[in-house]
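Structural characterization, general
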Amino acid sequence: MVRGGRPLYGTAQVPAAKNSVLPLLAASLLCGGPVRLRGVPRLSDVEGCMALLRGVGCAAAWDGGDVVVSGRAACCRLPAGETARLRASVLFAAPLLGRLGRAETALPGGCNIGARPVDWHLGALEQMGARVCQVGQRLVLSAPSGLHGACLSLPGPSVGATETALLAGCAARGRTVVENAALEPEILDLAQFLNRCGGCVEGAGTSRIVIEGGRRLHGTAYRPMPDRIFASTLACAVASARGRVTIAGCSPGLYAPVLDVLEQAGCWVLRGAGWASVGRAGPLRGVGLLETGVYPGLATDAAPLVAAALLSARGQTVLVDHVFEARFGCAGGFKAMGAAVSVRGRTLHIHGGRPLHGADVTAGDLRGGAALVVAALGARGSSRIAGREYIARGYGGLEEMLRSLGARIG
Ligand code: UD1
């Protein structure tokens, strides 16, 4: 339940990035000693990945705000329920293949934002010596004589496929070169973690990554990078609800396109080292054409959030998501709140200018669900948002945080 129309004031601390924590949990399968991830948010996707680790024989437990993973994988079969639910489950295949020579899994699930094939992950593993057998939803990968290094040219700069290539490359004999690698900062975070554990990954953050494989990895304690999409969510929440909030613990450069768009729409933004302050007092204006892209472009995950902030801005905004074809499933909820929006293919048109009112709406995916919360914060009256489990996949403590900033939410 969100009762909108209350401005937000105060300071909010950005938690660690879900999209970093999940690959780091997969990477811990490669480590010979315990791994401690510091300051991990309690999210259902994190719990799901911990269940995957336990399913293959590791220990994975909370220690306060940290997650500690220890023990070696003894079983190559990932638990079916969790694999099918989580997109990130595909990242567990490469380390299991490297460690045990076999991985049994299922086609991964994840949010309903369009087709999410894993062919580029599987293609990379095949080039590194894996045999892939798919029967229905079930995937069996084997590499009885281990993985070997390879020159990989990814068909597209996929975040997940780059992570699979990094994980496989560390487990493989010899050198792996990944061309057309994704540039997202979570890739750099994974590479830094692997190097901290004794791996040798160079070039992460550029489109060409080189991995010297075959090194024994040890455990480490590591603090994952901050969640740039959580930070974007807070910035959009202030733009929607009005007020002034300092977003701490996340470099504004990590979500610069979101801050730039909000500024263009009429918010003011102050940027510091590791923080940004976002404020809105008056009306917003539409910003015309906005397109998502790979990093450092506007993140696809941020697109529905930005849309939610601009729903009642005067003038048009047109958002095109080039990454996923069904990103704007939340448009029905926006309409129910009185917004003048329409979706055609990958494009969301916001005609703008209409005040929002509370409504009963349903989240259909993680970021779309968060976008409904952002819109509801700026709407007059109460909104009931169903499908909270989608939002819980990626936001821990969002309600408490928004409440501490003055929102009426519960
Ligand atoms: C990750 C993020 C997700 C974000 C996305 C894009 C995690 C856990 N999730 O998802 O929040 O929205 O990056 O920034 O980190 N593709 C293929 N075949 C493949 C792999 C990808 O065709 O084997 C296509 C996808 O359909 C999509 C595009 O590549 O159109 C980008 O997807 P990708 O970068 O792989 O996204 P994820 O890693 O799944």
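As the structure is a prediction and not an experimental result, all values here were calculated from the model. Along every chain, residues carry numbers that run from 1 in the direction the sequence is written. Per-residue local features are limited, in this predicted model, to residues with pLDDT of at least 70; the limit for side-chain atom pairs, both in listing and counting, is 80 or more; totals at the level of whole chains, interfaces and linings are taken over all residues. Derived side-chain values reflect all non-hydrogen atoms in the structure, with water molecules and hydrogen atoms excluded from consideration.

Only DSSP runs of H or I reaching four residues or more are called helices, and only runs of E reaching two or more are called strands; each is numbered from the N terminus. Helix and strand counts for the chain stand at 14 helices and 23 strands. C-alpha atoms define the radius of gyration in this analysis, and the globule rule sets the expected value at 2.2 Å times the number of residues to the power 0.38. Over its C-alpha atoms the chain spans a radius of gyration of 21 Å, differing by no more than 12% from the 22 Å that the globule rule assigns to 410 residues. Considering only C-alpha atoms, the chain reaches an extent of 65 × 40 × 35 Å along its principal axes. Per-residue accessibility, obtained with a 1.4 Å probe over protein chains only, is compared with the maximum for each type, and a residue is labelled buried under 20%, exposed over 50%, and partly exposed between these values. Within the chain, the fraction of its 410 residues that count as buried is 56%. When contacts within the chain are restricted to residue pairs at least 6 apart in sequence, those whose partners lie at least 24 apart make up 71%. For accessible areas, the Shrake-Rupley method is used with a probe of radius 1.4 Å. Any residue's cover is judged against the shown protein chains and nothing else. Accessible surface, the chain as shown: approximately 15,100 Å² in total, 51% of it carbon and sulfur. Neither His nor the chain ends contribute to the count of charged residues, in which Lys and Arg are positive and Asp and Glu negative. All charge positions are set by atom: Lys at NZ, Arg at CZ, Asp at CG, Glu at CD. Charge separation in the chain, taken as the distance between the mean sites of 42 positive and 27 negative side-chain charges, equals 4 Å. Whether two residues are in contact is decided by their heavy atoms: any pair within 4.5 Å suffices.

Quick look at the sheet that holds strand 16 (residues 275-280) now. Strand pairing requires that DSSP identify at least two bridges connecting the strands. The mixed open sheet is built from four strands, whose spatial order is 2-14-16-15. On the outer flanks of this sheet lie strand 2 (8-13) and strand 15 (268-272), each paired with one strand and no other. Within the sheet, the average angular offset between the axes of one strand and its neighbour, ignoring direction, is 10°. Bridge count for strand 2 against strand 14 (residues 243-248) is six bridges, and the pairing is parallel. When the sheet's bridge partners are listed, Leu-8 is paired in strand 14 with Gly-243. Working convention: axes come from line fits to C-alpha atoms, limited for helices to the stretch in contact. Angles between N-to-C directions cover 0 to 180 degrees. Set on the sheet, helix 9 (residues 256-265) makes contact with strand 15 and strand 16; between it and strand 15 the angle comes to about 145°.

Tracing the sequence through the fold places Ser-207 in the loop between strand 11 (200-202) and strand 12 (208-212). As for Ser-207 and Pro-23, which are separated by 184 residues in sequence, their C-alpha atoms are 19 Å apart. Among residues more than four places away in sequence, those in contact with Ser-207 are Val-178, Glu-179, Asn-180, Ala-181 and Leu-183.

To continue, consider the side chain of Glu-184. Tracing the backbone shows Glu-184 in the loop between strand 10 (175-179) and helix 7 (185-196). For Glu-184, which is buried and forms no salt bridge, the nearest opposite charge comes from Arg-228, at a distance of 4.8 Å. Looking at Glu-184, its side chain comes within polar contact range of the main-chain nitrogen of Tyr-295, at 3.0 Å. Salt bridges are defined by distance alone: a side-chain nitrogen of Lys or Arg within 4 Å of a carboxyl oxygen of Asp or Glu. Any N or O atom pair separated by 3.5 Å or less is treated as a polar contact, with the protein-specific requirement of one donor-capable and one acceptor-capable atom, and with residues adjacent in sequence counted only for side-chain atom pairs.

Residues Thr-317 and Leu-319 line one face of strand 18 (residues 317-320) and the alternating positions Val-318 and Val-320 line the opposite face, and both faces are buried. With four bridges connecting them, strand 17 (residues 288-291) and strand 18 associate as parallel partners. Across the sheet, the residue bridging to Glu-291 is Val-320, located in strand 18. Crossover handedness is defined by viewing with both strands directed away from the observer: a clockwise path from the first strand over the helix to the second marks the crossover as right-handed. Running through helix 10 (residues 303-309), the crossover from strand 17 to the neighbouring parallel element strand 18 is right-handed.

Bringing the packing of aromatic side chains into the picture now. Within 6.5 Å between ring centres, the rings of Phe, Tyr and Trp (the latter by its six-membered ring) count as paired, and their orientation is classed by plane angle as stacked under 30 degrees, edge-to-face over 60, tilted in between. Within the structure shown, the criterion is met by two aromatic pairs. Judged by centre distance (5.5 Å) and plane angle (80°), the ring pair of Phe-193 and Tyr-222 falls under edge-to-face. Pair noted here: Phe-193 is in helix 7 and Tyr-222 is in strand 13 (residues 221-222), with a separation of 29 residues, a long-range link. Look at Phe-230 and Tyr-395: their rings are 5.5 Å apart centre to centre, the planes differ by 45°, and that puts the pair in the tilted class. Of the two residues, Phe-230 is situated in helix 8 (residues 228-241) and Tyr-395 in the loop between helix 13 (388-392) and helix 14 (398-404); the sequence distance between them amounts to 165 residues. The pair Phe-230 / Tyr-395 is uniform in exposure class, with both members buried. Placement of a charge over a ring requires the Lys NZ or Arg CZ to be within 6 Å of the ring centre, with the centre-to-atom vector within 35 degrees of the ring normal. One residue, Arg-42, lies across the ring of Trp-62, its end atom 4.1 Å from the ring centre.

Moving on, we get to helix 12 (residues 366-377). How far a helix is expected to stretch is found by multiplying one less than its residue total by 1.5 Å. The terminal C-alpha atoms of helix 12 lie 17 Å apart, and with 12 residues this matches the ideal 16 Å at 1.5 Å per residue to within 8%. Where helix 12 begins, the capping side chain belongs to Asp-365, and its oxygen is found 3.3 Å from the backbone nitrogen of Arg-367.

The next thing to look at is the site of the ligand. A single heavy atom is enough: if one lies within 4 Å of a molecule or strand, its residue is considered near that molecule or strand. Around the ligand lies a shell of 17 residues, among which Asp-119, Trp-120, Ser-158, Asp-301 and Val-323 are the nearest. In the environment of the ligand, an oxygen atom lies 2.8 Å from a nitrogen or oxygen atom belonging to the backbone of Trp-120. Surface burial for the ligand is 86%, taken as the share of its 740 Å² of free accessible area covered by protein chains. Secondary-structure elements contributing two or more residues to the shell around the ligand are helix 5 (119-127) and helix 6 (159-171). It is helix 5 that provides the largest number of residues to the shell around the ligand, a total of three residues.

This next bit is on helix 4 (residues 93-100). Since one α-helical turn is 3.6 residues long, residues separated by three or four positions face the same way. Turning to helix 4, its buried residues are Ala-93, Ala-94, Pro-95, Leu-96 and Leu-97. In this structure, the buried side of helix 4 is in contact with helix 1 (18-27), strand 6 (102-106), helix 5, strand 8 (138-142) and helix 6. Positive phi shows up at Gly-101, right after helix 4, with a value of about 80°.

The biggest cluster of nonpolar side chains holds 79 residues, and the ones touching the most others in it are Phe-334 and Leu-402. Ranked by the residues each element gives to this core, the list is headed by helix 8, at 10 residues. Setting aside anything within four residues of it in sequence, one finds Leu-402 in contact with Leu-8, Leu-234, Ala-237, Val-373, Leu-377, Ala-407 and Ile-409. Counting residues in hydrophobic clusters, the runner-up holds 72 residues, among them Ala-27, Leu-139, Cys-170 and Ile-211. The definition of a nonpolar core used throughout is a set of buried Ala, Val, Leu, Ile, Met, Phe, Trp, Tyr and Cys residues joined through side-chain atoms within 4.5 Å.

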